[in-house]
Every structure is written in C-alpha cells, then in structure tokens.
Amino acid sequence: MARCGDRSSRYQPSVNEPGGYLDSLQGERWNGSVVSTSDLDLRKGGVVLYDISSTDSAAKLSVFIAPGPRPDVPTDDGQHYNGPSQVFTCYRVEATFSSVVAPSVGRVTFDDCPAALVELMPEGAVFASGEVFDG
C-alpha cells in the first residue's frame, strides 16, 4: 500500500502560521484543471492537495487520498478478496492560527471527489467516506 503522507501533520501543525503549515504538507499539488491531471500518477496511491488558500490567520485545502491497490493476498479467513480494486476519499481541511492559542484544525468530509481525479483511479475503484481512513 502506498504511503499517503503524514496524516498527523494535517491535523497537528508543527508551525503557527498558515503559509508554513501549507508548505509542510506532503502530497502532490493540483491546480484543478483537467489538463494538469496528466501530471498526477495515482496508480499506486497517493495524496493530492487542491483548492489551497490562506489568509494571515487561516489555511484551507481539499485533500484527495488513495492508499493504493488492494494487495493480492488471501483475507484473514483465507478467502479470496472480493471487493473494490482500490478506495479513495476527499475532504476539506480548515486550520486557524492565533498568536495566543495553539492552531485549530478541522475536517469537513465530502460525499464525492472531483471527476478529473476519480478518472485517474483504476477500474473497480470506489469512493469511501473519510471516516473509513481514520482507522
């Protein structure tokens, strides 16, 4: 399974300003254009950051995560796996920064992902809610 970046850095910023926070996040940056998806390779999984914005006290971005194809190994009970080839999800991260308190980061889960990114997924891949990736 491909490593999907350091998830804790999205929720526990090690810096106290929006620009540094955004710079510290791992993942490919996508500008939202269909043409630019040709620069992204998600066959083995990955993290794509898009819709990135910031002010002096806040940072916002959307995240597309695909952990990679399911391994071709028997399940725990010895049966052949009979599920999707891969799963993916998208959500919005909103971080606020203050000189008085520690940064606050929240997440808004989405019901779907941008079609241009979904089209990069292999046949049989399916959307899963962001909560599926919390475990």
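Residues numbered from 1 in each chain as written. Predicted model: local features only at pLDDT ≥ 70, side-chain atom pairs only at ≥ 80, totals over all residues. Heavy atoms only, no water.

Q: Just checking my understanding: could you explain the pattern of salt bridges for this structure?
A: Oppositely charged side chains can pair when the atoms bearing their charge come close. Counted according to the given criterion, the structure contains one salt bridge. Aspartate 41 serves as the salt-bridge partner of arginine 43, at 2.8 Å between the closest nitrogen and oxygen. Exposure remark for arginine 43: the relative accessible area of 59% places this residue in the exposed category. (Salt bridge = Lys/Arg side-chain N within 4 Å of Asp/Glu carboxyl O. Buried < 20%, exposed > 50% of the residue type's maximum accessible area, 1.4 Å probe, protein only.)

Q: Any chance you could explain the environment of alanine 102 here in plain terms?
A: Tracing the sequence through the fold places alanine 102 in the loop between strand 4 (87–96) and strand 5 (104–109). By relative accessible area, which is 59% here, alanine 102 ends up exposed. When the C-alpha positions of alanine 102 and asparagine 16 are compared, they lie 7.4 Å apart, and in sequence the two are 86 residues distant. (Helix = DSSP H or I, 4+ residues; strand = E, 2+ residues; numbered from the N terminus.)

Q: Could you clarify how one ought to interpret the pairing of strand 4 in this entry?
A: For a regular strand, side chains alternate in direction, first toward one face of the sheet and then toward the other. The element strand 4 is largely enclosed, with a buried count of seven among its 10 residues. Of the pairings in the sheet, the one linking strand 3 (residues 58–66) to strand 4 comprises eight bridges and is antiparallel in character. Bridging across to strand 4, leucine 61 finds its partner in valine 93. Relative to strand 6 (residues 126–127), strand 4 is paired through two bridges, and the arrangement is parallel. In the sheet register, phenylalanine 88 faces strand 6, and the bridge partner there is phenylalanine 127. (Pairing = 2+ DSSP bridges.)

Q: I tried to follow the environment of tyrosine 50 on my own but got confused; where do I start?
A: One can find tyrosine 50 in strand 2 (residues 46–54). When the C-alpha atoms of tyrosine 50 and arginine 92 are compared, they prove to be 9.4 Å apart, with 42 residues separating the residues in sequence. Contacts of tyrosine 50, omitting those with residues within four sequence positions, involve Trp30, Leu61, Ser62, Val63, Phe64, Cys90, Arg92, Phe110, Pro114 and Leu117. (Contact = heavy atoms within 4.5 Å.)

Q: Honestly, the side chain of threonine 37 in this entry has me stumped. Any pointers?
A: Turning to its location among the elements, threonine 37 is positioned in the loop between strand 1 (28–29) and strand 2. Look past the residues within four positions of threonine 37 in its chain and what remains in contact with it is Trp30, Ala116, Leu117 and Leu120.

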